[in-house]
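Descriptive structure summary
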Amino acid sequence: MKTKSYRELEIYQLSYELAMQIHRMSLKLPKYELYEEGSQIRRSSKGICSCIVEGYGRKKYKNDFVKFLVYAQASCDETEVHLSFIHDSKYISSILYEELKEKNDKVGRKINKFIQYVETKWK
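Residues numbered from 1 in each chain as written. Predicted model: local features only at pLDDT ≥ 70, side-chain atom pairs only at ≥ 80, totals over all residues. Heavy atoms only, no water.

What about the pattern of salt bridges?
- Enumeration over the complete set of coordinates arrives at eight salt bridges.
- For the salt bridge of Asp105 with Lys101, the shortest nitrogen-to-oxygen distance reads 3.0 Å. Of this pair, Asp105 and Lys101 are both found in helix α5 (residues 94–121), four residues apart, which corresponds to roughly one turn of the helix.
- The class of Asp105 is partly exposed, set by a relative accessible area of 21%.
- For Lys101, a relative accessible area of 21% corresponds to the partly exposed category.
- Where salt bridges share partners, they join Glu17, Glu99 and Lys103 into one cluster. (Salt bridge = Lys/Arg side-chain N within 4 Å of Asp/Glu carboxyl O. Helix = DSSP H or I, 4+ residues; strand = E, 2+ residues; numbered from the N terminus. Buried < 20%, exposed > 50% of the residue type's maximum accessible area, 1.4 Å probe, protein only.)

Observations regarding the nonpolar core
- With 31 residues, the main nonpolar core has Met25, Ile48, Ile52, Leu69, Ile111 and Phe114 as its most contacted residues.
- Every element with two or more residues in this core is listed here: α1 (10–26), α3 (37–57), α4 (62–88) and α5. (Core = buried A, V, L, I, M, F, W, Y, C linked by side-chain atoms within 4.5 Å.)

Now the structure itself:
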């Protein structure tokens, strides 16, 4: 796999799109949640792509790359729990919740596969 930039990574593209969609959704939360749960989910979702970028920047060192991909995976998990809090508090519809959850799950699966690739085939 030859890439010139992290921007070429599908996991980056998908995670960035997810973070932007979550950011826009979070700005529609009630005022009292805008800076509580809204802030938490914005940070965790943006943390996914930020960790991918930071790991890619350390790609010369496989262990560092994997470590930051694992952090990205953890941010996916954190984002999922914040989505659940927001949904269960009735701030978003079940349809939007399922859409965002599926996108987050997809990113998580792809990060997991990419971790396996980096661990076994990265030079």
